[in-house]
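Now for the letters of each chain:
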Amino acid sequence: MKLTFRWYGDGDPISLEKIKQIPQMSGIVSAVYDVAPGGIWSEQSIQKIKDDANKAGLEFEVVESVPVPEEIKYGGERADELIENYCENVRRLGKAGVKCICYNFMPVFDWLRSEMEHQNLDGSNSLAYSEAELLLLDPEKSELSLPGWDESYTKAELKRLIAIYKGIGEDGLWKNLERFLKKVIPVAEQAGVNMAIHPDDPPWSVFGLPRIITNEENYDRFLSIVPSKANGLTFCTGSLGASCDNDLVKMAKKYVDRIHFLHLRNIKITANREFHEVAHPTECGSLDMFGIVKALVEGGFDGYVRPDHGRMIWGERGKYGYGLYDRALGAAYIVGLFEAIEKMTEK
């Protein structure tokens, strides 16, 4: 596996030099952040990220993410034009040496949380989700302000999008995802890039919006649409693990050949559709991190890995979920976990 670290570009308070100091860190996961979804990334912008990483002794082989515009997801009039723009970005990234692109197909909202600074018993703070608290909000009747959400839509636009997605439902979203994959995956194959879809976070419908990358049944359906290795997965333990119906050890073993990117983080489930994020080790939360990694190693996993959301510890302040200290601890845990299991497997 290759250990990587999310980096948000020149504006990230965590420098590339600090990232490089994390043991066995091979590269960064980044993106071009000054182009709106649907736009074409300049080759100069892509090359700058690569050059900056290389100067720090790091690789730039994973992009997270190339955002999929809403009009592609709901099948608007410009969908074909925007898909072609997306394909051009895939070509340019492949030309620059990128090997994996993480993306998602979640309508309107990316990851959702109800709290950004949940107070943990150890004194740290982390992201948390409570369905009961979230549903007190009504995006169709009030000005919606969600923790961590980029409020890029007006109230009228938000209402319009929610109405469109409720109208097309899951069947319509699947149809538009198929349209997207059948045009993008052949381009990715030619460019030498693996596409890795991120699961919905959390993996269930919120505010009546359809969500389809949520469980084993839907993974089977997704992977069958274009049965190419380039059509693969970002296996995010914290997203999938929020649902007790998902057996992550079983799923890791089943899909190992199509998992190109691994997001490792642990969560503590405290009630139905209620959880908060914790430190990475198995004992800290509800997920069997050892069992998941063991299943992947035994299956021959050789993709990219990154420590996912971390707590805020030791007085650190910064982008919620993306501080340095706890993610660095998570990276060290991941390295140790892989090393131990790999050596066990060799015997």
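The coordinates are above.
Starting afresh in each chain, residues are numbered from 1 along the sequence in its written order. In keeping with the model being predicted, local features are shown solely for residues with a pLDDT of at least 70 and side-chain atom pairs are shown and tallied solely at 80 or more, while totals for entire chains, interfaces and linings include all residues. Excluding hydrogens and water, the side-chain values take into account all heavy atoms of the structure.

Quick word on the packing of helix H10 (residues 289–298) against helix H11 (residues 325–346)
Running from N to C, H10 and H11 point in directions that differ by 50°, and their axes come no closer than 10 Å. Comparing their axes, H11 and H10 come out oblique. Pair H10 / H11 crosses with right-handed handedness. Residue-level inspection shows Met289, Phe290, Val293, Lys294, Val297 and Glu298 of H10 in contact with H11, the latter providing Tyr333, Leu337, Phe338, Ile341, Glu342, Met344 and Thr345. The classification used treats Ala, Val, Leu, Ile, Met, Phe, Trp, Tyr, Cys and Pro as nonpolar, Asp, Glu, Lys and Arg as charged, and all other residues, Gly among them, as polar. Of the residues belonging to the contact of H10 with H11, the class tally is nine nonpolar, one polar and three charged. Comment: axis = line fitted to C-alpha atoms, over the contacting stretch for helices; angle = value between 0 and 180 degrees taken between N-to-C directions. Here a strand is any run of E in DSSP of at least two residues, a helix any run of H or I of at least four, and the numbering for each starts at the N terminus. For classification, angles of less than 35 degrees are called roughly parallel, those exceeding 145 degrees roughly antiparallel, those between 65 and 115 degrees roughly perpendicular, and all remaining angles oblique. Handedness of a crossing is defined here by the sense of rotation of the near helix relative to the far one, left-handed for an anticlockwise turn of less than a right angle and right-handed for a clockwise turn. Contacts are assigned to residue pairs that have any heavy atoms within 4.5 Å of one another.

Remarks on the sheet that holds strand E10 (residues 266–271)
Following DSSP output, two strands are said to pair if at least two bridges run between them. The strand order across the open sheet formed by four strands is E5-E6-E11-E10, and the pairing between neighbours is antiparallel. Since the sheet does not close on itself, it has two edges, and those belong to strand E5 (115–119) and E10, each with one partner. For this sheet, the mean inter-axis angle between neighbouring strands, taken without regard to orientation, is 35°.

Comments concerning unusual backbone geometry
Cis geometry marks the peptide bond from Glu64 to Ser65, where omega comes out at -5°. Turning to its location among the elements, Ser65 is positioned in the loop between strand E3 (59–64) and helix H3 (70–74). Not every positive phi belongs to a glycine, and Val108 is a case in point at roughly 65°. By the element assignment, Val108 lies in the loop between strand E4 (100–103) and E5. Of note in the backbone geometry, Phe207 takes a positive phi value of approximately 60° without being a glycine.

Overview of the packing of helix H9 (residues 248–255) against H10
At a minimum axis separation of 8 Å, H9 and H10 run at an interaxial angle of 15°. Classified by the angle between their axes, H9 and H10 sit roughly parallel to one another. Viewed along their axes, H9 and H10 form a crossing whose handedness is right-handed. Note on element contacts: H10 touches H9 through Gly291, Ile292, Ala295 and Leu296, opposite Leu248, Val249, Ala252 and Lys253. In the contact of H9 with H10, the residues fall into six nonpolar, one polar and one charged.

A few points about the packing of aromatic side chains
Put simply, two rings from Phe, Tyr or Trp (the six-membered ring, in Trp's case) pair if the centres are within 6.5 Å, and we call them stacked under 30 degrees between planes, edge-to-face over 60, tilted for the rest. All told, the structure shown has 12 aromatic pairs when counted by the stated rule. Both rings, one in Tyr8 and one in Tyr33, keep their centres 5.6 Å apart while their planes meet at 35°; by these two values the pair is tilted. Here the residue Tyr8 occupies a position in the loop between strand E1 (2–6) and helix H1 (16–20), and Tyr33 occupies one in the loop between strand E2 (25–30) and helix H2 (43–55), the gap between them amounting to 25 residues. The exposure class of Tyr33 is partly exposed, given its relative accessible area of 40%. The interplanar angle of 15° and the centroid separation of 5.5 Å between the aromatic rings of Tyr129 and Phe275 together place this pair among those described as stacked. When accessible area is computed with a 1.4 Å probe and restricted to protein chains, residues below 20% of their type maximum are described as buried, those above 50% as exposed, and intermediate ones as partly exposed.

Quick word on the pairing of strand E11 (residues 274–278)
Where burial is concerned, most of E11 is hidden: four out of the five residues are buried. Of the strand pairs in this sheet, strand E6 (residues 125–130) and E11 are connected by three bridges, and their pairing is antiparallel. In the sheet register, Ser130 faces E11, and the bridge partner there is Glu274. Of the pairings in the sheet, the one linking E10 to E11 comprises five bridges and is antiparallel in character. Following the sheet pairing, Ile269 is matched in E11 by Phe275.

Here's the deal with H2
Helix span, expected: 1.5 Å multiplied by one less than the number of residues in the helix. For H2, which comprises 13 residues, the first-to-last C-alpha distance of 18 Å matches the rise-based estimate of 18 Å (1.5 Å per residue) to within 8%. Listed in full, the buried residues belonging to H2 are Ile46, Ile49, Asp52 and Ala53. Mapping the buried residues of H2 onto a view down its axis gives an arc of 130°, with all of them on the same face. Facing away from the buried surface of H2 by more than 90 degrees, the exposed residues are Gln44 and Lys55. Tucked into the core, H2 has its buried residues touching H1, E2, E3 and helix H4 (79–95). Just beyond H2, the residue with positive phi is Gly57, at close to 80°. The directions from the helix axis to the C-beta atoms form the arc being described.

Quick notes on the pattern of salt bridges
We define a salt bridge as a side-chain nitrogen of Lys or Arg found within 4 Å of a carboxyl oxygen belonging to Asp or Glu. Tallied over the entire structure, the rule returns 31 salt bridges. Here Asp80 makes a salt bridge to Lys183, at a shortest N to O gap of 2.4 Å. A residue pair is termed long-range when its members are at least 10 positions apart, and Asp80 in helix H4 and Lys183 in helix H6 (residues 155–191) qualify at 103 residues. Of the residues examined, Lys183 reaches a relative accessible area of 37% and is grouped as partly exposed. With its nearest N and O atoms 2.9 Å apart, the salt bridge here joins Arg92 to Glu88. With Arg92 and Glu88 both in helix H4 and four residues apart, the pair spans about one turn of that helix. Ionic contacts of the salt-bridge type, sharing partners, join the residues Arg6, Glu64, Arg113, Asp201, Arg265, Glu277, Arg306 and Asp308 into one network.

A look at the environment of Met251
Along the chain, Met251 falls in helix H9. With 32 residues separating them in the primary sequence, Met251 and Tyr219 have C-alpha atoms 9.3 Å apart. Those residues in contact with Met251 that sit more than four places away from it in its chain are Asn215, Glu216, Tyr219, Phe235, Leu240 and Asn246.

Geometry only, nothing functional implied.
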